[in-house]
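The primary structure of each chain is shown beneath.
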Amino acid sequence: MPLNEVRDLLLRRRCGQATRDAVWAHLVLRSRTEGATWTVGCVGVALPGLTRIASRLSARFAGDTADIHAAVLAGFLAELSRVDLCRPRIMVRLWWAAYRAGYTTVREALDAPVPAGSGFRSAPPSPPWGHPDFVLARAVADAVLTAEEAELIGSTRLEGLPLAEAAQRRGATYEAIKKTRRRAELRLLAYLSAENADGARGAGGDVAVQVADTLAVTAAARTATELPASVTHRGGASAQKSRAQMSRRGSDSGVQGCGGHPATPSAISSPAPSTQEAPRCA
C-alpha cells in the first residue's frame, strides 16, 4: 500500500489505536534499520500533524519562521530514533516531541535581545561622568557643593548609610544633618537641571578635562576639614551662635571615600582651609 494511503487511513477517526500503533511501530523499525528512505517516509506520514504544529507555533511570530519549522522537524527526527515502541500512542508522542522542540525555539527567539539601530556601526562610548560619583565630583569642582556635602549625599543616598549614623559620625544632630543635606540636594538639583537645559556639558564635553577635574577634586577632598555648621543656643533675651563640627575628615574622606570609617579624635588637631579654598589643578 502506498504511504500516502496509509497516512489517510491512520488519520481517520474510525482507525483504532491498536492499528495506528502497529503501523507506526513498523514504520519506525524500518526507519531505524534501513535508514534514509523510510525516515523520509515517516516524515511524510506524520506531515499533516507536523504542518499544524509549525503553523500554530509561528502564527503570531513576527520574525523568520524557517527556524521554527526546522526545529519542529528536528524534534520529530530526534524522537524517531528513541521513541519507545512498546508504549501506546506512538504517533502522538512523536508529535509532542516536535511541538516541544519548536516551542523551545520560539521562546529562545522571543527572549533574545533586540538589535538596536540598523546594521553594525561604531558608537561613542558612554560618558564616564555619568556615574554618580563623577556627578558629585563635578558639582564640587564647579563650587556647587563642598566635598563634605558631596560625601554626605553619596554615603546616605547611594551607599545606604542611615542619616542618624551620619549625624553621629559628624558630631551633629539629626535635624542639622538633614537640613544640610536638603540644602545641598536643592543646589545640586538646580545645577543639573540648568546643565541639562542649556546642554553646556554632556557628550560634547572634553573627557580629559572632566577626568582632570575629578582627580583634582578628589585630591582636595582628602585634605579638607570638617564643615562647621551654625547652631543657635538661646540664652536670655538674645540668641548666640556657635560653630559645631558637622563632617568628619581624614585620609578616607571626600567623594571617593564615601562610606569609610571616621577619623579618630587624635587625628583632628586644628582646622584647615575648606574644600572650596583648596587649590585646583589646571
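For every chain, the first residue of the written sequence is number 1, and numbering continues from 1 onward in sequence order. Where local features are concerned, this predicted model is filtered to residues with pLDDT of at least 70; where side-chain atom pairs are given and counted, the filter is 80 or more; whole-chain, interface and lining totals use all residues. Each side-chain value is worked out from all heavy atoms of the structure, with water and hydrogens disregarded.

S.K.: Please clarify how the packing of aromatic side chains should be interpreted in this entry.
M.R.: Each aromatic ring pair is summarised here by two numbers: the centre-to-centre distance and the angle between the ring planes. Ring pairs shown here join Phe, Tyr and Trp side chains whose ring centres sit within 6.5 Å, with only the six-membered ring taken for Trp; geometry is labelled stacked below 30 degrees between planes, edge-to-face above 60, and tilted in between. The full count for this structure, using the stated rule, is two aromatic pairs. For the ring pair W96 and Y99, a centre distance of 5.5 Å and an interplane angle of 80 degrees mean the geometry is edge-to-face. Remark: Y99 and W96 occur in helix α5 (residues 90-111); sequence separation between them is three residues, near one turn of the helix. Buried, partly exposed and exposed residues are distinguished by accessible area as a fraction of the type maximum, computed with a 1.4 Å probe on protein chains only: under 20%, between the cut-offs, and over 50%, respectively. For W96, a relative accessible area of 48% puts it in the partly exposed group. The class for Y99 is partly exposed, based on a relative accessible area of 22%. Judged by centre distance (6.3 Å) and plane angle (15 degrees), the ring pair of Y99 and Y103 falls under stacked. Of the two residues, Y99 and Y103 are both situated in helix α5; the distance of four residues between them amounts to about one turn of the helix. Residue class for Y103 comes out partly exposed when judged on its relative accessible area of 41%. The rule for a charge over a ring is simple: NZ of Lys or CZ of Arg within 6 Å of the ring centre, and within 35 degrees of the ring normal. Cation over ring: R52 sits above W95, and NZ or CZ is 5.8 Å from the ring centre. Under the DSSP-based scheme used, a helix requires at least four consecutive residues in state H or I and a strand at least two consecutive residues in state E, with every element numbered from the N terminus.

S.K.: Looking at this structure, how should I read the side chain of D21?
M.R.: Of note, D21 is situated in helix α2 (residues 17-34). Note that His is not counted, nor are the chain ends; the positive residues are Lys and Arg, and the negative ones are Asp and Glu. A pairing counts as a salt bridge when a side-chain nitrogen of Lys or Arg comes within 4 Å of a carboxyl oxygen of Asp or Glu. Buried and unpaired, D21 has no salt bridge, with R93 as the nearest side chain of opposite charge at 6.2 Å. Non-local contacts of D21, meaning those with residues more than four positions away in its chain, are made with P88, R89 and I90. By definition, residues are in contact when any of their heavy atoms lie within 4.5 Å.

S.K.: For this particular structure, what's the right way to read the confidence of the model for the protein?
M.R.: Detail in the predicted coordinates should be disregarded across regions flagged by low pLDDT. Summary statistics for the protein give a mean pLDDT of 74 and a share of 63% for residues scoring 70 or more. Counting interchain partners and residues more than four positions distant, the pLDDT-below-50 stretch residues 200-205 has nine contacts. pLDDT is a per-residue confidence score from the predictor, ranging from 0 to 100. This stretch, residues 253-282, has a pLDDT under 50; its non-local contacts, to residues over four places away or in other chains, come to 59 contacts.

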